[in-house]
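# A structural walkthrough
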Amino acid sequence: DECIIDWSGYTIGYYGRPFEARDKAKGGDFTGDEKELFRFTLGENKVIPAFEEALQGMKEGGIRRIVVPVELGYPDNDMKKKGPKPTTFSGKRALGFVLENQGMIDKTLLFDIELIKVKSS
């Protein structure tokens, strides 16, 4: 099944900095235009494991907040390998700083996910 979601993401160890905001492209009002929404098919291993887990059992219109430990986040701390990916330069920069940092920054992430639609295959 193809999932269409809106999401926001925050770094926990980097001052709670947002790297993607929900409703960004829609101006805070869902108009039915799905071009800016994130799409993926469950079970294809194209998103971080936390998203696969979080969407199990969700219904259309449902919203979940998930705290993502490193082991359920981006593989090898590389956001290019799996989605979701930030769409803005500043978002990519904030997330990249956390994931690529070899120091003591906590790489735990926070996501808000809204399941807009599920299209059966």
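Here is what the cut-offs are and how they apply
Residues numbered from 1 in each chain as written. Predicted model: local features only at pLDDT ≥ 70, side-chain atom pairs only at ≥ 80, totals over all residues. Heavy atoms only, no water. Phe/Tyr/Trp six-rings, centres within 6.5 Å; stacked < 30°, edge-to-face > 60°. Helix = DSSP H or I, 4+ residues; strand = E, 2+ residues; numbered from the N terminus. Buried < 20%, exposed > 50% of the residue type's maximum accessible area, 1.4 Å probe, protein only. Pairing = 2+ DSSP bridges. Salt bridge = Lys/Arg side-chain N within 4 Å of Asp/Glu carboxyl O. pLDDT = per-residue confidence, 0-100. Core = buried A, V, L, I, M, F, W, Y, C linked by side-chain atoms within 4.5 Å. Contact = heavy atoms within 4.5 Å.

## Topic: the packing of aromatic side chains
- This structure, assessed with the given rule, holds six aromatic pairs.
- An angle of 55 degrees between the planes, with centres 6.1 Å apart, marks the rings of Trp7 and Phe19 as tilted. Taken together, the positions of Trp7 in strand E1 (residues 2-11) and Phe19 in strand E2 (residues 18-20) put the pair twelve residues apart, joining distant regions of the chain. With respect to burial, Trp7 and Phe19 carry one shared label: buried.

## Some thoughts on the pairing of strand E5 (residues 109-119)
- Burial within E5 is extensive, with eight of its eleven residues counted as buried.
- Here ten bridges tie E1 to E5, and the two strands are oriented antiparallel to one another. Bridged to Thr11 within E5 is Leu109.
- Two strands pair when backbone bridges link them, and strand E4 (residues 63-68) and E5 are joined in this way by six bridges, in the antiparallel orientation. Residue pairing for E5: Val67 is matched across the bridge by Leu110.

## So, the pattern of salt bridges
- Following the criterion strictly, the structure yields three salt bridges and no others.
- Between Arg39 and Glu2 there is a salt bridge; the shortest N-O distance is 3.7 Å. Taken as a pair, Arg39 in strand E3 (residues 38-41) and Glu2 in strand E1 lie far apart in primary sequence, 37 residues in all.
- By relative accessible area, Glu2 is classed as partly exposed at 24%.

## Quick word on the confidence of the model for the chain
- Overall, the predicted model of the chain reaches an average pLDDT of 85, with 88% of residues at or above 70.
- No element of the chain has a lower mean pLDDT than E2, at 84, and none a higher one than E4, at 95.

## Digging into the nonpolar core
- Ranked by internal contacts, the top residues of the largest apolar core, which has 27 residues, are Ile5, Phe51, Tyr74 and Phe111.
- Those elements that provide at least two residues to this core are E1, E3, helix H1 (49-55), E4, helix H2 (89-100) and E5.
- Not counting chain neighbours up to four residues away, the residues in contact with Tyr74 comprise Phe19, Ile48, Met79, Lys82, Gly83, Pro84, Leu95, Leu99, Leu109 and Phe111.

## Overview of the environment of Glu53
- For Glu53, the location among the structural elements is in helix H1.
- Among the residues examined, Glu53 registers a relative accessible area of 51% and is labelled exposed.
- Between the alpha carbons of Glu53 and Leu72 there is a distance of 9.2 Å; along the sequence they are 19 residues apart.

## Re unusual backbone geometry
- Note the cis peptide between Gly83 and Pro84, where omega equals 0 degrees.
- Tracing the chain through its elements places Pro84 in the loop between E4 and H2.
- We note that Asn45 has phi near 65 degrees; this positive angle belongs to a residue other than glycine.
- Turning to its location among the elements, Asn45 is positioned in the loop between E3 and H1.
- Take Asn45: its relative accessible area is 53%, and that puts it in the exposed class.

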